[in-house]
Amino acid sequence: MNTTFNLENLIRPNVKTLSPYSSARDEFSGTSSVFLDANENPFDNGINRYPDPQQWDLKKRLAELKGLAKENLILGNGSDEIIDLVMRAFCEPAKDKVIICSPTYGMYRVAAQINDLKICDIKLDTNFQPDVEAILENNDAKLLFLCSPNNPTGNLIDQGILEELLAKFKGLIVLDEAYIDFAADASLVKELDQYPNLIILQTLSKAWAMAGIRLGIGMASSEIIQVLNKIKPPYNINTLSQEKALERLSDEKKSQREIRLLLEERDELIRELRKLSFVEKVFPSQANFILIRVVDANKLYNFLIEKGIVIRNRSTVVQLENCLRISIGTAAENQSLFKALRELEKAFTIQTQ
Ligand SMILES: *Cc1c(COP(=O)(O)O)cnc(C)c1O
């Protein structure tokens, strides 16, 4: 148990004293037949009413899926909105410090910069694991962002490291599990009630195949969720997104089938990549993408662009020299990639003979 953690001391004073905006739908949410409280257009077209500000139907389904209570959930316009909300709830601009561990998801840094927060970047080690000692030397930071499986490296953070940080870090730990559905049984959600200093982020954008509706999920103690609810835009999840999400979440089997197919495709992609002489390293992946190190990343990237195939060039990122990140596509898309790669392999082996 973390004995130094105190949520009250972390909340920004102006957030603590804020009376949040109270919408018409907050003040009356019971059943009624005549709604004349929100200046809506009364002619029914399915979306003429404001959405449920607390998205209770959707939260009920998500709570079921995650084994949590509805009060442990906050939904955002993508997890990106929740990253920003957490910073605004707990960090004083131009004063407070957050820790990120590069190379990682770029939005933590950008959101911190937008909120004018000090960024302490404690690089991941050569196995892409957090440097516990260096992190704990910065124990005055309000937030620590960790990503597991990490984007763009693809690896999980070691359970022991997470446990040690959760026990000793004085601020809040934001654990981004955007890719967790591709990593069997690795989520910390089942242990959320043991960690009052933990906020877990997941999203419908990856395994659930709904990047277009922008739906991120924040999971934490009800005390933390209450703070975030206070400052969120009242109607941050629109009606269409709530409906689409419920529809998709009703068919868990469909997502599981797709995940299985993607994992098979990932294995095949790894096998193909290992055959290529210009690929120096295929990093292990617990996600729906693979990071590779090649002889000349820019050359391979441009070659694939000419073939109409776009991958992500990460070679300018520190620690990721000559690295490229490849998302797992459909079988047909992956075959197009293999074909192009084999073509390049032929040219490459002739050239180096
Ligand atoms: C893709 C991704 C997200 C998803 O963000 P949304 O705003 O929910 O689409 C979050 N974190 C990481 C690490 C990601 O790679």
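Source: prediction; values computed, not measured. (Residues numbered from 1 in each chain as written. Predicted model: local features only at pLDDT ≥ 70, side-chain atom pairs only at ≥ 80, totals over all residues. Heavy atoms only, no water.)

Participant: For this particular structure, what's the right way to read the site of the ligand?
Facilitator: In the region of the ligand, 14 residues are neighbours, and Asp176, Tyr179, Ser205, Lys206 and Arg214 sit closest. A distance of 2.6 Å is found between an oxygen atom of the ligand and a side-chain nitrogen or oxygen belonging to serine 79. Within the side chain of tyrosine 179, one N or O atom sits 2.6 Å away from an oxygen atom of the ligand. Look at the ligand: alone it shows 390 Å² of surface, and the protein chains cover 94% of it. (Near = heavy atom within 4 Å. Polar contact = N/O pair within 3.5 Å; in protein donor to acceptor, adjacent residues only side chain to side chain. Areas by Shrake-Rupley, 256 points an atom, 1.4 Å probe, with all protein chains shown as cover.)

Participant: Sorry if this is basic, but what is going on with the sheet that holds strand E2 (residues 97-100) here?
Facilitator: Sheets are built from strands paired through backbone hydrogen bonds, the pairs being either parallel or antiparallel. Here seven strands make up an open sheet; going across it, the order is E1-E7-E6-E5-E4-E2-E3 and the pairing mixed. This sheet does not close on itself; its edge strands, each paired only once, are strand E1 (73-76) and strand E3 (118-121). This sheet shows a mean twist of 20° between the axes of neighbouring strands, independent of strand direction. With four bridges joining them, E1 and strand E7 (residues 216-219) adopt antiparallel strand pairing. Note that in E7 the partner of leucine 75 across the bridge is isoleucine 217. (Pairing = 2+ DSSP bridges. Helix = DSSP H or I, 4+ residues; strand = E, 2+ residues; numbered from the N terminus. Axes fitted to C-alpha atoms, helices over the stretch in contact; angles between N-to-C directions.)

Participant: I would appreciate a short explanation of the domain arrangement of the protein in the present structure.
Facilitator: Accessible area lost during the coming together of the parts is what is often quoted as the interface size. Looking at the assigned domains, one finds that the protein contains domain 1 (7-250) and domain 2 (253-352). Each of domain 1 and domain 2 has a C-alpha centre, and the two are 31 Å apart. Taken together, the contact pairs 22 residues of domain 1 with 21 residues of domain 2. For the pair domain 1 and domain 2, the two sides together bury roughly 1,600 Å², of which 62% comes from carbon and sulfur. Counting every contact that joins domain 1 to domain 2 gives one salt bridge. Note that glutamate 258 is salt-bridged to arginine 248, the shortest N-O span being 2.9 Å. (Domains from an automatic or database assignment. Contact = heavy atoms within 4.5 Å. Buried area = accessible area lost by both parts, 1.4 Å probe. Salt bridge = Lys/Arg side-chain N within 4 Å of Asp/Glu carboxyl O.)

Participant: Explanation requested: the environment of proline 233 in the structure shown.
Facilitator: As for its placement among the helices and strands, proline 233 is situated in the loop between helix H9 (222-231) and helix H10 (239-249). Discounting residues that sit within four places of it in the chain, proline 233 has contacts with Glu81 and Leu85.

Participant: Would you explain helix H11 (residues 252-274) in this entry?
Facilitator: Along an α-helix, residues three or four apart share an orientation, since each turn contains 3.6 residues. With 23 residues, H11 should reach 33 Å at 1.5 Å per residue; the first-to-last C-alpha distance of 33 Å fits that figure. When we look at burial in H11, the residues that qualify are Ser255, Ile259, Glu265, Arg266, Leu269, Ile270, Glu272 and Leu273. (Expected span 1.5 Å × (residues − 1). Buried < 20%, exposed > 50% of the residue type's maximum accessible area, 1.4 Å probe, protein only.)

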